[in-house]
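Residue-level structural notes
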Amino acid sequence: MINELLLAGSLVFIFSMALISYRFFGRTGLYCLSAIATILANIEVLLLVNAFGMEQTLGNVLFAVTFLITDILSECEGKKEANKAVWIGMFTSLFFLLLSQSWLLYVPAENDRAMGAIREIFSSTPRMLVSSFIVYAASQIFDVWLYHKWWAFTERKTGDRRRFLWLRNNGSTLISQLLNSLLFTLFAFYGTYDAGTLLSIFASSYVIYIFTSLLDTLALYPARRIKEGKTAT
């Protein structure tokens, strides 16, 4: 039960921080949070936990906030700004990949106590990080593109640019998260786990993303109000 409570608490905290970042720092705050979340998710994804009756990677919840960030930017700031967040995430992932691997090249001091643990963790991460980098880029670029396709479709049908926020949000995120879950499971874990575990990781990842995608719609509405409040003043 502790894992379930921690995951639920993490989700509320992380999504709340996205709104707080946008409220006080605007798009810059979301860019910074995107970079932080991308790096930390690349570390968290190494951990497997059991929660809600499923085996899952711990980075799922944290990675989900990057989709919320691009959706907030798409809705409130525009497609160009949303794509900028994706490029920032790609840059920080590449930076972290190269820097973390350089740590393993150092010869530790005689009194060092950390290098063994660092090597144990990060020597197994190149495949994970490269997979995460490729899948992040593909799924996020697709998400931003699809978000604006849905937006153009609903605006054309209704003549109202504000309506159907929930549709463009979920219509883009649920599909792009399916792509993300499938590609990451194959790239990162194929050949490492048996087929049953791979299916479990994919299914649990996507179930979590379905849940987080539906919840991030609740965060998008106050984000839009934050933007409109700033515009009004």
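The structure reproduced in this document is the subject of the present report. (Residues numbered from 1 in each chain as written. Predicted model: local features only at pLDDT ≥ 70, side-chain atom pairs only at ≥ 80, totals over all residues. Heavy atoms only, no water.)

Before going further, it helps to examine the overall build of the protein. Counting secondary structure elements, the protein contains seven helices and two strands. Along the protein, helices (α) and strands (β) appear in the sequence α-β-β-α-α-α-α-α-α when read from the amino end. In terms of overall dimensions, the protein is globule-like: its C-alpha atoms have a radius of gyration of 19 Å, near the 17 Å expected for 233 residues. Taking the principal axes of the C-alpha coordinates as reference, the protein spans close to 65 × 40 × 30 Å. Buried positions account for 47% of the 233 residues belonging to the protein. In the protein, of all internal contacts separated by at least 6 residues, the share reaching a separation of at least 24 is 76%. Approximately 11,900 Å² of the protein is accessible, and the part contributed by carbon and sulfur atoms is 69%. Across the protein, the 19 positively charged side chains and the 16 negatively charged ones have centroids separated by 12 Å. (Helix = DSSP H or I, 4+ residues; strand = E, 2+ residues; numbered from the N terminus. Rg over C-alpha atoms; globule rule 2.2 N^0.38 Å. Buried < 20%, exposed > 50% of the residue type's maximum accessible area, 1.4 Å probe, protein only. Contact = heavy atoms within 4.5 Å. Areas by Shrake-Rupley, 256 points an atom, 1.4 Å probe, with all protein chains shown as cover. Lys, Arg positive; Asp, Glu negative; His and termini not counted. Charge placed at Lys NZ, Arg CZ, Asp CG, Glu CD.)

Attention now moves to the state of the cysteines. Taken as a whole and judged by the stated rule, the model has zero disulfides. Left without a disulfide partner, Cys-32 is nearest to the cysteine sulfur of Cys-76, which lies 17 Å away. A relative accessible area of 11% places Cys-76 in the buried class. (Disulfide = S-S within 2.5 Å.)

Let us look at the packing of helix 1 (residues 2-44) against helix 3 (residues 79-103). Their axes nearest at 9 Å, the elements helix 1 and helix 3 cross at an angle of 35 degrees. Helix 3 is crossed by helix 1, and the crossing has right-handed handedness. When helix 1 is examined against helix 3, the residues Arg-27, Tyr-31, Ser-34, Ala-35, Thr-38, Ile-39, Asn-42 and Ile-43 are found in contact with a partner set consisting of Glu-81, Lys-84, Ala-85, Ile-88, Gly-89, Thr-92, Ser-93 and Phe-96. For the contact of helix 1 with helix 3, the residue count by class is seven nonpolar, six polar and three charged. (Axes fitted to C-alpha atoms, helices over the stretch in contact; angles between N-to-C directions. Left-handed = near helix turned anticlockwise from the far one by under 90°. Nonpolar A, V, L, I, M, F, W, Y, C, P; charged D, E, K, R; others polar.)

Moving on to the pattern of salt bridges. Applying the stated criterion to the full structure yields seven salt bridges. Residue Arg-224 is joined to Glu-75 by a salt bridge in which the shortest nitrogen-to-oxygen separation is 3.4 Å. With Arg-224 in helix 7 (residues 195-232) and Glu-75 in helix 2 (residues 59-76), the pair connects residues that are 149 residues apart, well separated along the chain. The exposure class assigned to Arg-224 is buried, which follows from its relative accessible area of 10%. Linking Glu-77 and Lys-227 is a salt bridge whose minimum nitrogen-to-oxygen distance equals 3.5 Å. (Salt bridge = Lys/Arg side-chain N within 4 Å of Asp/Glu carboxyl O.)

Mapped onto the secondary structure, Glu-81 falls in helix 3. Ignoring sequence-local partners within four residues, the contact set of Glu-81 consists of Arg-27, Tyr-31 and Leu-73.

Turning our attention to the nonpolar core. Tyr-22, Val-65, Leu-68, Ile-72 and Leu-73 are the most contacted members of the largest nonpolar core, which totals 42 residues. Mapped onto this core, the elements with two or more residues apiece are helix 1, helix 2, helix 3, helix 5 (126-158) and helix 7. With twelve residues, the single largest contributor to this core is helix 1. Grouped together as the second largest cluster of nonpolar side chains are eight residues, Val-45, Ala-188, Leu-198 and Ile-201 included. (Core = buried A, V, L, I, M, F, W, Y, C linked by side-chain atoms within 4.5 Å.)

Another point: helix 1. Its 43 residues give helix 1 an end-to-end C-alpha distance of only 17 Å, which falls more than 12% under 63 Å, the value for a rise of 1.5 Å per residue. Considering bend angle alone, the principal kink of helix 1 is centred on Phe-25 and spans about 140 degrees. (Expected span 1.5 Å × (residues − 1). Bend = angle between axes of the 7 residues up to and from the residue.)

The tally for this structure, following the rule as stated, stands at six aromatic pairs. Relative to Phe-67, the ring of Phe-63 lies with its centre 5.7 Å away and its plane at 80 degrees, an arrangement referred to as edge-to-face. Here the residue Phe-63 and the residue Phe-67 both occupy positions in helix 2, the gap between them amounting to four residues, near one helical turn. Exposure class is identical for Phe-63 and Phe-67. Each is buried. (Phe/Tyr/Trp six-rings, centres within 6.5 Å; stacked < 30°, edge-to-face > 60°.)

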